[in-house]
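# Remarks on the overall topology
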Amino acid sequence: MKQTVTVAMSGGVDSSVAAIVLLEAGYDVRGATMRHFDSTAMGFPPEDGLEQMIEQARDVCRALGIPHRVVDVQDDFRREIIEYFVEEYRAGRTPNPCTRCNPRIKWGAFLQALDTDFFATGHYVNVRNEDGLYCVYRAEDRERDQTYMLWGLTQEHLARTLFPLDNLPKETVRRIARENNLTVHDSPDSQENCFIPGDYRLFLRQHFTEKPGDIVFHDGRKIGEHTGLSYYTIGQRRGMNLPWNAPLYVLEIDAKRNRLVVTDDPDRLLVESFPIDEVNWLEGIRPAFDGMSVQIRYNSRPAPVKEIVENGDRLEVRLENPARAITPGQSAVFYREAKLLGGGIIRRDQ
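The shown structure was predicted, so the numbers you read here are calculated from the model rather than taken from an experiment.

Regarding its fold elements, the protein presents eight helices and 17 strands. For the protein, the C-alpha atoms occupy an extent of roughly 70 × 50 × 35 Å along the three principal directions. In the protein, 65% of the contacts between residues at least 6 apart in sequence involve partners at least 24 apart. Of the roughly 17,100 Å² of accessible surface on the protein, 44% is carried by carbon and sulfur atoms. Averaging the coordinates of the 44 positive side-chain charges in the protein and doing the same for the 53 negative ones gives two points 3 Å apart.

Right, here's the structure in full:
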C-alpha cells in the first residue's frame, strides 16, 4: 500500500509543484488547505483573499487528479496569530507572525486534523536524517531559502514532514507547473501577513486606537510628536517629518510612556547583546556555541555568536561584533553554517 502524504495547498506554484513531485515519487497524494480567517470580515475584495486561494488549490488538485479538502482552523488562528499580532504592536513590538503560525497552526491545529502518513509543504528547505535526528539545512537556492520561518518546529514535526522543493530553483518549479498545464505557474510569491489586505496599520486601527505622543531625542529632549507607535520600527529612518540637520533613526519604541525615542547617531543602534525567550532548539538541546551565528530578521546576514547565557527565564545572546537595529518581537534564528539550529523571540532588556 502506498504511503499517504497530504500537501498543504495554498493555491500557489510552490505547493502545487510539491504535489507533482510527490506524485512522481509514487506517494498517495492528497491536498488540503487551511481556512484560517474570513476574507470578507478581514476586508479582502471578492476577487482576492483566502477564498480565491482555496478555489485555486481545488482547481490544481482537480487537474492533478488528487482529492482536496478544506480544514477550518479559524478559532486557533484568531487566538494564536491575530490576537498575538495585535497585542505585540500594542506593546510597541514588531511581531513576525509566520514564525509563530508554522508550529502552532500549520504544524499544529491543521496537521492534527489530517489523517495522513506524511505532511508536505512548498517551503524551500533541506531536511536530512543524521544518526536518527532530523536536521534542517538552507535550501540549495539561497535566494528562496525559508529556514528562518521554521525555527519553531520540533523533531516530531520534522519526522512527519516532506519538503519536495529542497533542491529546486524557482525557475525549475515554474517550468514544472507550465509543463503540467497549471495556470498557477506564474502566480506571485505569497506575502508575509496573509490575513491583512494592504497596509497592516489600517488593520491595527480596527483593533485599537492609536494615541499621539512625544518624539524625544536620545538625551530626553522632546523634539516632536508621533501619531501612533505602530507606524514605527527600530532603525526606521523615514516617516518622522521633523526638521533636523541629520537623518533621524528610531532608537526605541516606549509603549508604556507612549513615546518614540530617536537619534541622529546611527552607532547608537548597535547592540552587543540582547535577550530572547520562547526558545526552541530543533534537536531538543542547546547546541555548542562554536561556529554559531544568529539571523535577526528575515533578510539580514547572520552575525557570529560569542556565547549564550541564562538570564532568569530568558537567554542572553552575546555577539562577537555589534549588530544594528535589534528589534523586539522579531525572531532571532540560529545557524551553524547552513544548518538551522533553532530560534527565539527578541525581547527588551529588563
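Attention now moves to the nonpolar core. In terms of nonpolar packing, the biggest core is built from 44 residues, with Phe77, Phe110, Phe195 and Phe203 touching the most fellow members. Elements supplying a minimum of two residues to this core: β2 (28-35), α3 (50-64), α4 (74-90), α5 (97-112), α8 (200-205), β16 (331-336) and β17 (339-346). By residue number, the principal contributor to this core is α4, which donates seven residues. Not counting residues within four places of it along the chain, the set of residues in contact with phenylalanine 110 comprises Ala8, Ala32, Thr33, Met34, Val71, Val73, Ile105 and Phe119. Cys61, Phe118, Ala139 and Leu182 belong to the second largest nonpolar core, which has 27 residues in total.

The next subject is α5. Of all the bends found along α5, the most pronounced is centred on isoleucine 105 and spans about 30°. With 13 of 16 residues buried, α5 lies mostly within the body of the structure.

As a further point, take the state of the cysteines. With the rule as written, the count across this model stands at zero disulfides. For the unlinked cysteine cysteine 194, the closest cysteine sulfur is that of cysteine 101, found at 6.4 Å.

Right, let's get into the packing of aromatic side chains. As enumerated under the stated definition, the model contains 15 aromatic pairs in all. Judged by centre distance (5.1 Å) and plane angle (40°), the ring pair of phenylalanine 217 and tryptophan 244 falls under tilted. Here the residue phenylalanine 217 occupies a position in strand β8 (residues 213-217), and tryptophan 244 occupies one in the loop between β9 (222-226) and β10 (249-254), the gap between them amounting to 27 residues. Looking at phenylalanine 217, the relative accessible area reads 6%, which means it is buried. By relative accessible area, tryptophan 244 is classed as partly exposed at 30%. Three or more aromatic residues joined by ring pairs make a cluster, and in this case those are Phe37, Phe44, Phe77, Phe85, Tyr89, Phe195, Tyr200 and Phe203. The cationic tip of arginine 100 hangs over the ring face of tyrosine 84; the distance from NZ or CZ to the ring centre is 3.9 Å.

What follows deals with the pairing of strand β1 (residues 4-8). Across the five residues of β1, five count as buried, placing the element largely inside the fold. Burial along β1 is two-sided: the residues Thr4, Thr6 and Ala8 and Val5 and Val7 are all buried. Note that β1 and β2 share five bridges and pair parallel. Bridging from a neighbouring strand, threonine 6 pairs with arginine 30 of β2. Where β1 and strand β4 (residues 118-120) come together, three bridges link them in parallel fashion. Residue pairing across strands places threonine 6 opposite phenylalanine 119, the latter belonging to β4.

One can describe the packing of helix α1 (residues 13-24) onto helix α7 (residues 170-179) by two numbers: an axis separation of 9 Å at closest approach and a directional angle of 70°. Classified by the angle their axes make, α1 and α7 are roughly perpendicular. For the pair α1 and α7, the sense of crossing is left-handed. For the pair formed by α1 and α7, the contact residues are Val13, Asp14, Val17 and Ile20 on the first element and Lys170, Val173, Arg174, Ile176 and Ala177 on the second. Split into classes, the residues belonging to the contact of α1 with α7 amount to six nonpolar, no polar and three charged.

Here we come to the environment of alanine 8. Mapped onto the secondary structure, alanine 8 falls in strand β1. For alanine 8, the contacting residues outside a window of four places in its chain are Ser15, Ala32, Phe110, Phe119, Ala120 and Thr121.

Cut-offs used in this document
Residues numbered from 1 in each chain as written. Predicted model: local features only at pLDDT ≥ 70, side-chain atom pairs only at ≥ 80, totals over all residues. Heavy atoms only, no water. Helix = DSSP H or I, 4+ residues; strand = E, 2+ residues; numbered from the N terminus. Contact = heavy atoms within 4.5 Å. Areas by Shrake-Rupley, 256 points an atom, 1.4 Å probe, with all protein chains shown as cover. Lys, Arg positive; Asp, Glu negative; His and termini not counted. Charge placed at Lys NZ, Arg CZ, Asp CG, Glu CD. Core = buried A, V, L, I, M, F, W, Y, C linked by side-chain atoms within 4.5 Å. Buried < 20%, exposed > 50% of the residue type's maximum accessible area, 1.4 Å probe, protein only. Bend = angle between axes of the 7 residues up to and from the residue. Disulfide = S-S within 2.5 Å. Phe/Tyr/Trp six-rings, centres within 6.5 Å; stacked < 30°, edge-to-face > 60°. Lys NZ or Arg CZ within 6 Å of the ring centre and 35° of its normal. Pairing = 2+ DSSP bridges. Axes fitted to C-alpha atoms, helices over the stretch in contact; angles between N-to-C directions. Parallel < 35°, antiparallel > 145°, perpendicular 65-115°, else oblique. Left-handed = near helix turned anticlockwise from the far one by under 90°. Nonpolar A, V, L, I, M, F, W, Y, C, P; charged D, E, K, R; others polar.

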